[in-house]
Amino acid sequence: MTARTRFAPSPTGYMHIGNLRTALYEYLIAKANGGQFILRIEDTDQKRYVEGATDIIYNTLKTVGMNWDEGPDIGGDFGPYIQSERLPLYQEYAHKLVELGGAHYCFCSKDEADEQKDEEANIKFKDPCKMIPLSEAKVRVAKGEPYVIRQNINKKGKAMFHDVVYGDIEIDYDELDEGVLLKSDGFPTYNFANVIDDHLMKITHVVRGNEYISSTPKYNLIYEAFGWTPPTYVHVAQVMKDAQHKLSKRNGDASFQDLVAKGYLPEAILNYIALLGWNPGTEQEIFSLVELEKVFDMNRLNKSPAIFDIAKLKWMNGCYIRALDFEAFHKLACREYDKFITHEINREALSKVLQPRIETLNDIAEVAGFIETLPEYSDELFTNKKMKTDADIAKKSLALAYPALEALQTWTNENLFECLKNVAVANELKNGQVLYPVRIALTGLETTPGGASEIAEVLGKAETLRRIKLKLA
RNA sequence: GGUCCCAUCGUCUAGAGGCCUAGGACGCGGCCCUCUCAAGGCUGCAACACGAGUUCGAAUCUCGUUGGGAUCACCA
């Protein structure tokens, strides 16, 4: 049997990193054995609906290359794939479940129900409506009295189920409360819609956060009442911000789109999160999506929570940037240049110098800001022990370098380097005594991406000469 | 509070009784390379939460302790 998995986000307008990781695992479980990956939108809570949220979901999955085989936009044999369009289905099954003895009509208001339970004393809701004979309840429903449909938990003892990640889990039926399956507005709750849809869509593997472990027996009870076979459960550990807190929108933690906006490449983000809670069993760490499809094994998923470490993502992003074709990198870099560089410069030369030196696209503006505007700097910058330079030597070197550069015909890094070295040799100076001051004069910075000749190449002849002259004056 | 789950370097992890004087990666330190800085190469520091068992032998099995997390909605 090939696997069918589903990513079932609710459209909240935010692609949480943990959710994206869940989607990835779902995708990989499906693709690892030629199965289908289905996208379903869980919008049963009208109060939480956010305009444009589904587009964020679509766009994110598309940019990371996780294409779905069935979904709201492309259809499929088991649609519709948006829960709000499946309402009649849930209602039909909910009433059917009542007939089957798996649920009952309840006429209590929410407040009445709340009053009856006590979390501290661990008293679960005991619904008086459960005692109402079905025939009588049906009459009240028919008369138009507001109602919800609640699950029946009649079993005693321990519920048992198997999870791919956590193994066998036992939960006492007394811990389960008879929750609402169909709300008074006719919408299903997550608990119910999920089971109905997963069954109807023939989902084989349910992957979700481990916060659902304790309610899993409730789902199984519904499957059981209908006479359906429950799916394989894959509960995954949380993605944490730190040891105590999980990554969350409330804390302002980065979403996928935030990370992209911060200059991370989608492929790098995906690669990184794949490794948060999973490993291939080898020492390989860099994986494309296609490679992951080949090596993914859900049995290697970890039980313990993983802390999201931006430092490692940064490193990995740097790896991806360096691995880019020069043309591809240059194209991305140009978009950044457009944001802060107004002068004519040698952009290719700049990209060449930047590619091995940055870890995120946003580093570009930070590290190359001096290209646009020469910062104010003190003459003390010219003093460097290792280079054996100080302000006096710098003055002399710059004066010597200026005419040499002015005479230089072909403005390339190689020629510039050669030219400046010759200035040093001809005047019995060390290379650094010329190169270092020139670099400082061109950048006003102690450390820069690239050396004097490389930066001169980027700036171009006119600007290079202008900056040196400026210092000389 | 009841219940469930988790526990190896700071972080991500390898480890399914002897291969472990615990391996890799990020980060951090050092060295090399070098027109500064990166990149690259080499290298160093750094962990089995604790306590009892079981066993000839335990990071690996059992129990307890401690610590952390989850859950107990007409939210998903």
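What you see is a predicted model, and the numbers here were worked out from it, not measured in a lab. Each chain carries its own residue numbering, running from 1 in the direction its sequence is written. Starting at A for chains and at 1 for ligands, labels are handed out in the order in which the entities are written. Whole-chain, interface and lining totals are the exception, using all residues; otherwise, since this is a predicted model, local features are given only for residues with pLDDT of at least 70 and side-chain atom pairs are given and counted only at 80 or more. The basis for every side-chain value is the complete set of heavy atoms in the structure, and neither hydrogens nor water enter the calculation.

**Looking at the overall build of chain A**
On a plain count of helices and strands, chain A comes out with 20 helices and 11 strands. For 473 residues, the compact-globule estimate of 2.2 N^0.38 gives 23 Å, and the C-alpha radius of gyration of chain A, at 32 Å, exceeds that figure by more than 25%. Referenced to the eigenvectors of the C-alpha coordinate spread, the extents of chain A come out at roughly 105 × 45 × 40 Å. Two residues form a contact once any of their heavy atoms are found within 4.5 Å. Taking as baseline every contact in chain A between residues at least 6 positions apart, the subset at least 24 positions apart corresponds to 73%. The method behind every accessible area is Shrake-Rupley, applied with a 1.4 Å probe, and residues are considered shielded solely by the protein chains displayed. Accessible surface for chain A amounts to roughly 22,800 Å². Of this, 51% is attributable to carbon and sulfur atoms. Once the 56 positive and 69 negative side-chain charges of chain A are each reduced to a mean point, those two points are 2 Å apart. Secondary structure elements follow DSSP: runs of H or I of four or more residues count as helices, runs of E of two or more count as strands, with numbering from the N terminus. What the globule rule says is 2.2 Å times the number of residues to the power 0.38, and the radius of gyration is computed from C-alpha atoms. Asp and Glu count as negative and Lys and Arg as positive, but His and the ends of the chain are not part of the count. Here the site of a charge means NZ on Lys, CZ on Arg, CG on Asp, or CD on Glu.

**Considering the protein's contact with RNA strand B**
Near is defined per residue: the residue qualifies when any heavy atom it owns lies within 4 Å of the molecule or strand. Looking at RNA strand B, there are 64 residues lining it, with Lys183, Asn279, Glu285, Arg357 and Gly450 nearest. Gly277 is positioned such that a nitrogen or oxygen atom in its backbone is 2.6 Å from a phosphate oxygen of RNA strand B. Going through the elements one at a time, β4 (148–151), β11 (306–307), α11 (310–323), α17 (413–426), α18 (431–443) and α19 (452–459) are the ones with two or more residues in the surface near RNA strand B. Of the residues forming the surface near RNA strand B, the biggest block, 4 residues, is contributed by α11. Amino acids are sorted into nonpolar (Ala, Val, Leu, Ile, Met, Phe, Trp, Tyr, Cys and Pro), charged (Asp, Glu, Lys and Arg) and polar (every other residue, Gly among them). For the surface near RNA strand B, the per-class residue count stands at 21 nonpolar, 18 polar and 25 charged. Nitrogen and oxygen atoms within 3.5 Å of one another constitute a polar contact, given that in protein one can donate a hydrogen and the other can accept it, and given that sequence-neighbouring residues count only through two side-chain atoms.

**Considerations on the confidence of the model for chain A**
What pLDDT reports is the predictor's confidence in each residue, on a scale of 0 through 100. Of the residues in chain A, 97% have a pLDDT of 70 or more, and the chain-wide mean is 92. Both scores are given for the predicted complex: the pTM is 0.94, the ipTM 0.95.

**Side note on the side chain of Gln151**
Take Gln151: it is sitting in strand β4. Relative accessibility thresholds used throughout: buried, under 20% of the residue-type maximum; exposed, over 50%; partly exposed, between the two (1.4 Å probe, protein chains only). Under the relative-accessibility criterion, Gln151 is labelled buried at 3%. At 2.9 Å, the side chain of Gln151 forms a polar contact with the backbone oxygen of Lys218. Residues contacting Gln151, with those up to four places away along its chain left out, are Gly102, Ala103, His104, Glu178, Gly179, Leu181, Lys218, Leu221 and Ile222.

**A look at the environment of Asp168**
Along the chain, Asp168 turns up in strand β6 (residues 167–172). On the basis of relative accessible area, Asp168 is assigned to the exposed category, the value being 64%. The spacing of Asp168 and Ala407 is 239 residues in sequence and 79 Å in space, taken between C-alpha atoms. With residues near it in sequence (within four places) discarded, Asp168 still touches Phe161 and His162. At 2.8 Å, the side chain of Asp168 and the side chain of His162 are in polar contact.

**With respect to the sheet that holds strand β7 (residues 180–182)**
Spatial ordering of the open sheet is given by β3-β4-β7, a layout of 3 strands whose pairing is antiparallel. At either margin of the open sheet sits one strand with a lone partner, and together these are β3 (103–106) and β7. Averaged over all adjacent pairs, the angle separating strand axes in this sheet is 45°, with direction ignored. Both β4 and β7 contribute to a ladder of 2 bridges, which runs antiparallel. Within β7, the residue paired with Ile149 across the bridge is Leu182. Against the sheet, helix α3 (residues 87–99) makes contact with β3, β4 and β7, and its axis sits at roughly 105° relative to β3, the strand it touches most. For two strands to be treated as a pair, DSSP must find no fewer than two bridges joining them. Axes here mean lines fitted to C-alpha atoms, for a helix over just the part in contact, with angles spanning 0 to 180 degrees between N-to-C directions.

**Focus: the packing of α17 against α18**
One can describe the packing of α17 onto α18 by two numbers: an axis separation of 7 Å at closest approach and a directional angle of 125°. Of the possible angle classes, the one that applies to α17 and α18 is oblique. With respect to the hand of their crossing, α17 and α18 are arranged in right-handed fashion. Here α17 contributes Phe417, Leu420, Lys421, Val423 and Ala424 to the contact with α18, which in turn contributes Asn431, Val434, Leu435 and Val438. Angles below 35 degrees are treated as roughly parallel, those above 145 as roughly antiparallel, those between 65 and 115 as roughly perpendicular, and all remaining angles as oblique. Crossing handedness is defined as follows: a turn of the near helix away from the far one that is anticlockwise and smaller than a right angle gives a left-handed crossing, while the clockwise case is right-handed.

**Topic: helix α6 (residues 190–200)**
Regarding α6, the residues found buried are Phe192, Ala193, Asn194, Val195, Ile196, Asp197 and Asp198. Taken together, the buried residues of α6 touch β1 (4–7), α3, β7, β8 (205–209) and α7 (216–226). One or two positions beyond α6, positive phi appears at Lys202, with a value near 55°.

**Structural notes on the environment of Pro230**
Residue placement: Pro230 occurs in the loop between α7 and β9 (232–236). Judged by its relative accessible area of 36%, Pro230 falls in the partly exposed class. Sequence-wise, Pro230 and Val206 are 24 residues apart; in three dimensions their C-alpha atoms are separated by 9.4 Å. In this structure, Pro230 is in contact with Asn220 and Tyr223, ignoring residues within four places of it in sequence.

**Notes on the pattern of salt bridges**
Any Lys or Arg side-chain nitrogen found within 4 Å of a carboxyl oxygen on Asp or Glu counts as a salt bridge. Following the criterion strictly, the structure yields 21 salt bridges and no others. Of the charged contacts in the structure, one is a salt bridge between Asp197 and Arg40, with a shortest N-O distance of 3.6 Å. Taken as a pair, Asp197 in helix α6 and Arg40 in the loop between β2 (36–39) and α2 (53–64) lie far apart in primary sequence, 157 residues in all. Residue class for Arg40 comes out buried when judged on its relative accessible area of 0%. We note a salt bridge from Lys241 to Asp253, for which the minimum N-O separation is 2.5 Å.

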